[in-house]
Amino acid sequence: MTAGVAKNLLSYGSRPEKGVVAGRLQLPDADLTLGNGLRVVVCSAPVVPLVEIRLTVPYAATAPGEVAHCQLLAELLPRGSAHRSAGDHDAALAAHGATLNASADARKLTVTGHTMADGLPPVLALLAEALRGPRLTEEAVAPERERLARRIRLATHQPAALAQHALLRRRYGEERAARWQPTPEQAAACTRDDLARVHARHLGARGAVLVLVGDLEPEEALVWVTELFGAWEPGPEGDLPEVPPWFPGGPLRHVDRPGAVQSVIRLAAPALPRTDPGYPALHLAQLVFGGSFASRLVARLREDKGYAYQLGSGVESVPGASTLMVEADTAAEHTVAALAVIREELERMAAEPPSAREIDAARSYAAGSTATAMSAPGALASGLANLLHVGVGADWLHNWGPLLDGVSPDQVGEAARRFFRPADVTGVVVADERAVVPLCRGTTGELSF
């Protein structure tokens, strides 16, 4: 063990208890930042002889087409390195029962994988090698480029993807949507030089977070990470995800899908970032509204009316911002009625704030479902990685129950009045034109809500 790692480990004191203890998830065993800016969070969870690996590299995509380049680079990372063919890379992973996959969006590149516990050092070495020198030969790039362009093109025909793209434009405008959403043409035009540029610009250690959860010894894991990732170049300073701006409520955007027998409804309103002290109250309010099976919206829209078979609400968080989302898929003939029910339930959040009984039920559901969901090492690793990316501490999951316990009914009521106002909501409806005729505002493509 190096002196630096030993010094950092000493600051953690006695090792915390494992798993869920008294309803609270365990604290990480180690949380330190290397000299190049890579943050390493380690959690010993010897449930099975595996170690889950999550790596998040944040960045800001600032030009049209850059997201497509980042996504192609992500496709190539698990396909070998400058010093190792794809076949040799796959064989090395297979020897340790390991997998590594990567994906990217406008804010981050994410690596997800696992390995048998005794294979952690060589698998981390493979990851470090690919990060520092991905395989960017034309032989490697060409098939992945074609595959990515085809996948993006196919996604543009899916109703849910259509709604997602339209909602992005509705919330943040065409310019940001063009920067944050790749097109098949951009993917098809990506060159090796483009990939080399985004690699140098975005794939540095500064601000990246590596999470390891599973059957490991934290001290050993930190030594391996320090040795294998310590030489990873920091990358440029200030390459941080763009905080989305506030967006106004207003008419919904209709996306015509001729002949569709189902309509896709996606609504959004600005909310509190997850780092805000008021977030727990907002979370309880949205659970009462539509975030659980026993919620008001599910009870009316699905159980009483039978208008929607897939629906719910949630809070979508990114670094520095969050959005309250409401989703419903409904039969075309129920589209107008379903939107009316959603509006009524939004108004009811202010007229009839969540009762003490509803808040207690939401609190129990939130704490219990989180503890259950995070009991598996893979889920805990992903949860930690996502939470650290949006800026909360590594102890957030451990403290989630007490945070919820500290929320008063008045705070939930205030969140209900503040964040569920129909006037602050906008959104999109992907539907056959005939399904939304009563809501059309002339020929503008906008719908009343």
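Quick caveat, the model's predicted, so the values are computed rather than measured. Each chain has its residues counted from 1, following the order in which its sequence is written. Thresholds applied to this predicted model are a pLDDT of at least 70 for local features of residues and 80 or more for the giving and counting of side-chain atom pairs; totals over whole chains, interfaces and linings are not thresholded and use all residues. The basis for the side-chain values is all heavy atoms of the structure; hydrogens and waters are excluded.

Q: So what about the overall build of the protein chain? Which residues, and what values?
A: Where helices and strands are cited, they refer to DSSP runs of H or I of at least four residues and of E of at least two residues respectively, numbered from the N terminus. Within the protein chain one finds 16 helices and 14 strands. Note on method: radius of gyration uses C-alpha positions; expected globular size equals 2.2 Å times residues raised to 0.38. Against the compact-globule benchmark of 22 Å for 449 residues, the protein chain has a radius of gyration of 23 Å, which places it among compact chains. In terms of overall dimensions, the protein chain has C-alpha extents of about 65 × 55 × 35 Å along its principal axes. Counting across all 449 residues of the protein chain, residues that qualify as buried make up 52%. Residue pairs at least 24 apart in sequence account for 79% of intrachain contacts in the protein chain once pairs closer than 6 positions are excluded. In this tally, Asp and Glu contribute negative charge and Lys and Arg positive charge; neither His nor the terminal groups of the chain are included. Charge coordinates come from a single atom per side chain, which is NZ of Lys, CZ of Arg, CG of Asp or CD of Glu. Where the 43 positive side-chain charges of the protein chain centre and where its 51 negative ones centre are 4 Å apart. Note on classification: 1.4 Å probe, protein chains only; a residue is buried when its accessible area is under 20% of the maximum for its type, exposed when over 50%, partly exposed between these limits. A contact between two residues is defined here by any heavy atoms of the two lying within 4.5 Å.

Q: Tell me about the pattern of salt bridges, and please be specific about residues and values.
A: Salt bridges, as used here, are contacts in which a Lys or Arg side-chain nitrogen is within 4 Å of a carboxyl oxygen on Asp or Glu. This model, assessed by the stated rule, comprises 32 salt bridges. The partner of Arg171 in a salt bridge is Glu316, and the shortest N-O contact between them spans 3.1 Å. Here Arg171, found in helix α6 (residues 159–180), pairs with Glu316, found in strand β11 (residues 308–318); they are 145 residues apart in sequence, far enough to count as distant. Residue classification places Arg171 among the buried positions, given a relative accessible area of 9%. Classification of Glu316 by relative accessible area gives partly exposed; the value is 36%. A salt bridge links Arg363 to Asp360; the nearest nitrogen and oxygen atoms lie 3.5 Å apart. Taken as a pair, Arg363 and Asp360 lie in helix α13 (residues 356–373) at a separation of three residues, close to a single helical turn.

Q: Explain the layout of surface pockets to me, using residue names and the numbers behind them.
A: Only protein atoms enter the calculation, which uses a 1 Å grid: trapped sets of points that fit a 1.4 Å probe without letting it out are cavities, open sets showing protein on both sides within 12 Å along at least five of seven lines are pockets, and any residue with an atom within 4 Å of a point is a lining residue. Grid points are joined across faces, edges and corners, and a volume is the space filled by probe spheres set on the points. If you add up the space inside the second largest pocket, you get close to 220 Å³. As for the second largest pocket, its lining consists of Leu287, Val288, Ser292, Ala294, Ser295, Arg296, Arg357, Glu358, Ala361, Ala362 and Tyr365. Where the lining of the second largest pocket is concerned, the elements lending two or more residues are α10 (279–291) and α13. Considering each element in turn, the lining of the second largest pocket owes the most residues, five residues, to α13. Of the residues assigned to the lining of the second largest pocket, the class counts are six nonpolar, two polar and three charged. Asp, Glu, Lys and Arg are counted as charged, while Ala, Val, Leu, Ile, Met, Phe, Trp, Tyr, Cys and Pro are counted as nonpolar; the rest, among them Gly, fall into the polar class.

Q: Residues and numbers for empty space enclosed by the protein, please.
A: Rolling a probe over the atoms, with the probe sized like a water molecule, indicates the empty space that remains. According to the stated counting rule, one finds three cavities of 30 Å³ or more in the structure shown. Space inside the largest cavity adds up to approximately 60 Å³. Lining the largest cavity are Leu77, Pro78, His89, Leu100, Asn101, Ala102, Val111, Leu127 and Ala130. Counting only elements with at least two residues in the lining of the largest cavity, the list comes to β6 (99–104) and α4 (120–132). Of the residues forming the lining of the largest cavity, the biggest block, three residues, is contributed by β6.

Q: Give a description of the side chain of Ser81 that names residues and reports values.
A: Looking at the secondary structure, you find Ser81 in the loop between α2 (66–76) and α3 (86–94). Reaching out from Ser81, the side chain makes a polar contact with the side chain of Glu129 at a distance of 2.6 Å. Leaving out residues up to four positions away in the same chain, Ser81 has contacts with Glu129, Ala130, Gly133, Pro134 and Arg135. Any pair of N or O atoms that falls within 3.5 Å is considered a polar contact. Within protein, one atom must be able to donate a hydrogen and the other to accept it, and sequence-neighbouring residues count only if both atoms are side-chain atoms.

Q: I'd like a rundown of helix α16 (residues 409–419), residues and numbers included.
A: Where α16 is concerned, the buried positions are Val412, Gly413, Ala415, Ala416 and Phe419. Each buried residue of α16 lies within a common arc of 160° when the element is viewed along its axis, so the set occupies one face. In the core, the buried residues of α16 are packed alongside β10 (262–271), α10, β12 (321–331), α12 (335–351) and α13. It is the directions from the helix axis to the C-beta atoms that the arc portrays.

Q: Any details on the domain arrangement of the protein chain? Residues and values, ideally.
A: Along its sequence, the protein chain is organised into domain 1 (30–230) and domain 2 (252–447). We define buried area as the total accessible area lost by two parts upon association, computed with a 1.4 Å probe and summed across both. Interface of domain 1 and domain 2: buried area, both sides summed, is about 2,200 Å²; carbon and sulfur atoms make up 72% of it. It is Leu167, Arg170 and Arg171 in domain 1 that bury the most area against domain 2; as a group they hold 26% of the surface buried on that side. Counting every contact that joins domain 1 to domain 2 gives two salt bridges. The closest approach of N and O atoms between Glu446 and Arg170, which form a salt bridge, is 3.3 Å. Our count for the contact surface shared by domain 1 and domain 2 stands at five residue pairs in polar contact (both at pLDDT 80 or more). Secondary structure elements with two or more residues in the side of domain 1 that touches domain 2: β4 (39–44), β5 (50–58), α6 and β8 (209–214). Partitioning the side of domain 1 that touches domain 2 into residue classes produces 15 nonpolar, one polar and eight charged. Domain start and stop points were drawn from an automatic or database domain assignment.

Q: Explain the packing of α13 against helix α15 (residues 396–405) to me, using residue names and the numbers behind them.
A: Direction vectors running N to C along α13 and α15 enclose 175°, while the axes themselves pass 10 Å from each other. When the axis of α13 is compared with that of α15, the two are roughly antiparallel. Residues Arg363, Ala366, Ala367 and Thr370 of α13 lie in contact with α15, whose contacting residues are Leu397, Trp400, Leu404 and Asp405. Split into classes, the residues belonging to the contact of α13 with α15 amount to five nonpolar, one polar and two charged. Axes, fitted as lines to C-alpha atoms, cover a helix only where it is in contact. Angles between the N-to-C directions of the axes lie from 0 to 180 degrees. For classification purposes, an angle smaller than 35 degrees is called roughly parallel, one larger than 145 roughly antiparallel, one from 65 to 115 roughly perpendicular, and anything else oblique.

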